[in-house]
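# Descriptive analysis of the structure
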Amino acid sequence: MSRADVLAPDARWFPDGAPGDVAGAGLTLICFPFAGGTASVYRGWQEHLGEDVRVVSVQLPGRGLRLRERPLSAMDPLVEELVAALTRSGLPQRYALFGHSMGALLAYEVACELRRRGEQQPLHFFASGSRAPHLYGDRSDHTLPDEELRKVVTDLGGLGADESIAAAYFRRRLPALRADLRACETYVWSPRPPLECPMTAFSAMDDPLATARQVEEWRAYTSCSFLSRHIPGDHFFLNAGSTRARLLRELRVEIGQFPAPSSAGRALTP
């Protein structure tokens, strides 16, 4: 029997512990992976962001401990199941959302659904390596033959330089990757009021999937302050040593400027 077999259904979404597991005034940063990615993308973030930040990584079906589950290939059911797991786990009073590429799109839809249900809203929203939601839907990579899709991911910097490792990694992640890409590429944005929290959007200089101009268009998705951060790297700058370190430094600085717990509670009151 595997560890996944003994985990409660909701716990499978949060392999390092659910957002509501720990009480206190510190910030919980809920992190969403890119297409085909796993919760392990955010391994090590906790130690870089400091003891006042608790990192909670989201694990989607069809990967990691959930490898035997069928990945979801449409955004709506993915959002519905994830929001249900979040609310049942108990959202912390002070939390922020971070998503990279597809993860940013998913985090946005989760934030919108949480608001629709009258749940606690995030203190901050971080979009990384992602064009604004209304700009999705112009690609069909999920329909490509395996080798063509592998070339797309390789050219974006997602498979590394070691050919044998890259091939095995790609084969293992292919079902989840195709499902995630289909969810993104068939997504149609539905106009809604902007989020009611500050937002920061990160773009990379050599990212053809999310150019600085496309990332800048997240500005319209918040009624609060918006910061744009442009850093070196390709689409997978989240994984590269130096650019990852820079991203984490930027995050730590911004999180350190968040309102103190007492004033944050008042600011989040509708």
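Up top is the structure these notes are about.
Residues numbered from 1 in each chain as written. Predicted model: local features only at pLDDT ≥ 70, side-chain atom pairs only at ≥ 80, totals over all residues. Heavy atoms only, no water.

## Topic: the packing of aromatic side chains
Inspection of every chain in the model, using the stated rule, returns 13 aromatic pairs. Here Phe125 and Trp218 contribute two aromatic rings whose centre-to-centre distance is 5.5 Å and whose plane-to-plane angle is 35°, an arrangement assigned as tilted. Of this pair, Phe125 sits in strand β4 (residues 124-128) while Trp218 sits in the loop between α7 (212-216) and β6 (226-231), and the two are 93 residues apart along the sequence. The burial state of Phe125 is the same as that of Trp218; both residues are buried. With a centroid separation of 6.4 Å and 25° between ring planes, the pair formed by Phe126 and Phe258 is classed as stacked. Taken together, the residues span a long stretch of sequence, with Phe126 in strand β4 and Phe258 in the loop between α8 (241-256) and α9 (261-267) at a distance of 132 residues. Phe126 gets classed as buried once you look at its relative accessible area, which sits at 0%. An aromatic cluster of three or more residues is present, and its members are Tyr42, Trp45, Phe98, Phe126, Phe202 and Phe258. Between the NZ or CZ atom of Arg66 and the centre of the ring of Trp13, over which it lies, the distance is 4.2 Å. (Phe/Tyr/Trp six-rings, centres within 6.5 Å; stacked < 30°, edge-to-face > 60°. Helix = DSSP H or I, 4+ residues; strand = E, 2+ residues; numbered from the N terminus. Buried < 20%, exposed > 50% of the residue type's maximum accessible area, 1.4 Å probe, protein only. Lys NZ or Arg CZ within 6 Å of the ring centre and 35° of its normal.)

## Section: helix α4 (residues 102-116)
The terminal C-alpha atoms of α4, which comprises 15 residues, lie 21 Å apart, in line with the 21 Å expected from a rise of 1.5 Å per residue. Among the 15 residues of α4, 14 are classified as buried, and the element is accordingly described as predominantly covered. A positive phi of about 80° marks Gly118, the residue just after α4. (Expected span 1.5 Å × (residues − 1).)

## A short note on the sheet that holds strand β1 (residues 27-32)
One open sheet holds the six strands; their spatial order is β2-β1-β3-β4-β5-β6, and the pairing between them is parallel. Looking at the sheet topology across the chains shown, the edges are occupied by β2 (53-57) and β6. Each strand of the sheet is rotated relative to its neighbour by a mean of 20°, with strand direction disregarded. In this structure, β4 lies alongside strand β5 (residues 199-204), joined through four bridges in parallel fashion. Across the sheet, the residue bridging to Ser128 is Phe202, located in β5. (Pairing = 2+ DSSP bridges. Axes fitted to C-alpha atoms, helices over the stretch in contact; angles between N-to-C directions.)

## As for the packing of helix α3 (residues 75-89) against α4
Interaxial distance between α3 and α4 falls to 9 Å at its minimum, and their mutual angle equals 60°. Here α4 runs oblique to α3, going by the angle between their axes. The two elements α3 and α4 cross, and the hand of that crossing is right-handed. Where α3 abuts α4, its residues Met75, Leu78, Val79, Leu82, Val83, Leu86 and Thr87 lie against Met102, Leu105, Leu106, Glu109, Val110, Glu113 and Leu114. The residue inventory of the contact of α3 with α4, partitioned by class, reads eleven nonpolar, one polar and two charged. (Parallel < 35°, antiparallel > 145°, perpendicular 65-115°, else oblique. Left-handed = near helix turned anticlockwise from the far one by under 90°. Contact = heavy atoms within 4.5 Å. Nonpolar A, V, L, I, M, F, W, Y, C, P; charged D, E, K, R; others polar.)

## Comments concerning the environment of Ser101
Position of Ser101 among the secondary structure elements: in the loop between β3 (95-100) and α4. Those residues in contact with Ser101, other than ones at most four positions away along the chain, are Phe34, Ser128, Gly129, Ser130, Tyr136 and His235.

## What about the environment of Asp155?
Considering the arrangement of structural elements, one finds Asp155 in helix α5 (residues 146-155). Placed 80 residues apart in sequence, Asp155 and His235 show a C-alpha to C-alpha distance of 9.5 Å.

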